[in-house]
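# Structural description and commentary
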Amino acid sequence: MILQVDPRAPVPPYEQVREQVTSLVLAGALTTGSRLPSIRQLANDLGLAGGTVARAYRELENDGVVTTHGRHGTVVAGPPNRPAPPPDLIVAARVYATRASKVGATLDDALAAVRVAFAGGRPG
Amino acid sequence: MGILFGWLVPLALAGVFLGRAYADVNDGFVREWARAHALTLTPENRPMVWWYLRSARVLRTWGVVGGVLLPPLARSALGFGGDAGYPLWIFFGYLAGAVYAELSLVRPVDPAARSASLVPRELGQYLPARLLIAQRGIGVAVALGAIGVALAPYGERSPNTPLPHRGLILATGLAGLGFAFGLERLERWVVQRPQPSIHPALVDADDAIRAQSVHSIAGSGIATLLILFSFVSADLAVSDVQVLRWIMWVPAFAGFFLALVACLFYGHRAWRVRRPTAAVSRHAPA
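Residues numbered from 1 in each chain as written. Chains lettered and ligands numbered in written order. Predicted model: local features only at pLDDT ≥ 70, side-chain atom pairs only at ≥ 80, totals over all residues. Heavy atoms only, no water.

## Considerations on the overall build of chain B
Scanning chain B from terminus to terminus reveals 10 helices and one strand. Secondary structure of chain B in N-to-C order comes out as α-α-α-α-β-α-α-α-α-α-α. (Helix = DSSP H or I, 4+ residues; strand = E, 2+ residues; numbered from the N terminus.)

Quick look at the structure:
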């Protein structure tokens, strides 16, 4: 199982890590009880700061995907607590993310644009 | 005679060993090393393996040559230092060469997208547990031996058998303990060094190289600790405690022999990295 992080992508690296680990858990490639690499190992391998990987692990822990057992490391706990978005929505989001990155938008810009679009599209 | 054995013979031996180090790593050597490590050589990983094996062999040999030649040079320049320390510096030089070889290995990286395996790397996968226990245990033994020297009674001595310098031997004990734990940290650091996963063949080669580096460091580190233990044992063997006078000559002499065995056997041992079962699918695309 290989993680890939694109430093030029508009999605922040911690979010890329979080998303890929979640996808692997949902796909069954990472089963409950599987141990994940230490923060230092993953940060070294991906060329990221330790804080970035630590944030990804923290977000995964908040989602209920992993649990941290101190010196025993980080272990997969199961699928995320929150329901996964429908597949059609993920496909649409990917198309939007690609177009947003082509015009140089950051994740924050793209999310702000989605909020504006939602606010404008609501009836009443 | 002094110049012959002090300089010419060591220089000649250094020349022979360095010549062999530069010449030994050929295609057959690389193939044999890969076979021993269960590594399949491919066009992707062969250059990295060849480069590491050659540089590691050359740098370790330079370390040994430095350990042989630098102490007499230092003695000539500074006017102190004894022959008894020779083996220590030889093994320490080997260790320095092994560390430098690991440091100088450039692992290929894809600048467009950084990649990493989700399989945890741990020291226990690269080094047998008994070696870890041995290096901790010998470090503790050096420290305990040094305390023993500090506490043991030493009577009057003739000028030919001077008393051990207790401050120096306590410093040796402390250094041995610190060295043992520093050695383990160094090994863990090597295991945690970046392993970019841009090609499965490169990851497999990297694992084999990493295991070789860790074994070279552990073998020479344990050898260094065993030499320190020999020094401490020799000091205990000249104490006034009769039982120590009988038994401590054994570790004092055996330490030198075991150091050589540790460095040559464990330092060069082909080790196949032990991964958890999840690692079977580690090359599957995410």
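## Section: the confidence of the model for chain A
Of the residues in chain A, 96% have a pLDDT of 70 or more, and the chain-wide mean is 85. The spread of mean pLDDT over the elements of chain A runs between helix 5 (residues 107-121) of chain A, the lowest at 81, and helix 3 (residues 50-62) of chain A, the highest at 93. (pLDDT = per-residue confidence, 0-100.)

## Let's talk about the interface of chain B and chain A
Taken together, the contacts link 24 residues of chain B with 22 residues of chain A. Across the chain B to chain A interface the summed buried area is about 2100 Å²; carbon plus sulfur atoms make up 51%. Counting the surface chain B buries against chain A, the share from its top three residues, B:Arg114, B:Leu118 and B:Gln192, is 35%. Counting across the interface, chain B meets chain A through two salt bridges. B:Arg121 is the partner of A:Asp45 in a salt bridge, and the nearest nitrogen-oxygen pair spans 2.9 Å. Across the chain B-chain A interface, the total number found is 10 residue pairs in polar contact (both at pLDDT 80 or more). Elements with a contribution of two residues or more to the side of chain B that touches chain A: strand 1 (114-117) and helix 7 (166-192) of chain B. Broken down by element, the side of chain B that touches chain A gets its largest block of residues, four residues, from strand 1 of chain B. Counted by class, the side of chain B that touches chain A contains 11 nonpolar, seven polar and six charged residues. The pairing of strand 1 (residues 2-5) of chain A with strand 1 of chain B spans four bridges and is classified as antiparallel. In the strand pairing of strand 1 of chain B, A:Gln4 is matched with B:Ser115. (Contact = heavy atoms within 4.5 Å. Buried area = accessible area lost by both parts, 1.4 Å probe. Salt bridge = Lys/Arg side-chain N within 4 Å of Asp/Glu carboxyl O. Polar contact = N/O pair within 3.5 Å; in protein donor to acceptor, adjacent residues only side chain to side chain. Nonpolar A, V, L, I, M, F, W, Y, C, P; charged D, E, K, R; others polar. Pairing = 2+ DSSP bridges.)

## Some words on the packing of aromatic side chains
Summed over the entire model, instances satisfying the criterion amount to five aromatic pairs over all chains. Where B:Trp89 meets B:Phe92, the ring centres are 5.9 Å apart and the plane angle is 85 degrees; that geometry is what we call edge-to-face. With a gap of three residues between them, B:Trp89 and B:Phe92 both fall in helix 4 (residues 86-104), about one helical turn apart. Looking at A:Arg55, its charged tip hangs above the ring of A:Tyr14, at a distance of 3.9 Å from the centre. (Phe/Tyr/Trp six-rings, centres within 6.5 Å; stacked < 30°, edge-to-face > 60°. Lys NZ or Arg CZ within 6 Å of the ring centre and 35° of its normal.)

## Some thoughts on the side chain of B:Ser233
Residue and element names in this part refer to chain B. Tracing the chain through its elements places Ser233 in helix 8 (residues 200-237). Accessibility expressed as a relative area gives 0% for Ser233, which makes it buried. A polar side-chain atom of Ser233 sits 2.8 Å from the main-chain carbonyl oxygen of Phe229. If sequence neighbours within four positions are ignored, Ser233 has contacts with Met248, Pro251 and Ala252. (Buried < 20%, exposed > 50% of the residue type's maximum accessible area, 1.4 Å probe, protein only.)

## A few points about the sheet that holds strand 2 (residues 35-36) of chain A
All names here are of chain A. One open sheet holds the three strands; their spatial order is 2-4-3, and the pairing between them is antiparallel. Because the sheet does not close on itself, it has two edges, and the strands there are strand 2 and strand 3 (66-68). Here strand 2 pairs with strand 4 (residues 74-76) via two bridges, running antiparallel. In the sheet register, Leu36 faces strand 4, and the bridge partner there is Thr74.

## Re the packing of helix 6 (residues 129-151) of chain B against helix 7 of chain B
Residue and element names in this part refer to chain B. For the pair helix 6 and helix 7, interaxial distance at closest approach is 8 Å and the crossing angle is 170 degrees. Classified by the interaxial angle, the pair formed by helix 6 and helix 7 is roughly antiparallel. Taken together, the residues of the contact of helix 6 with helix 7 break down into 15 nonpolar, five polar and five charged. (Axes fitted to C-alpha atoms, helices over the stretch in contact; angles between N-to-C directions. Parallel < 35°, antiparallel > 145°, perpendicular 65-115°, else oblique.)

## Some words on a nonpolar patch on the surface
All names here are of chain B. Residues Val140, Leu144, Ile147, Leu151, Leu170 and Phe181 make up a contiguous nonpolar surface patch of about 570 Å² in total accessible area. Among the elements of the structure, helix 6 and helix 7 are those that each provide at least two residues to the nonpolar patch. Looking at the nonpolar patch, the element that brings in the most residues is helix 6, giving four residues. Structurally, Leu151 can be placed in helix 6. Assessed through its relative accessible area of 69%, Leu151 is described here as exposed. (Patch = residues over 30% accessible without salt bridge, like charges linked within 9 Å, V, L, I, M, F, W, Y side chains within 5 Å. Areas by Shrake-Rupley, 256 points an atom, 1.4 Å probe, with all protein chains shown as cover.)

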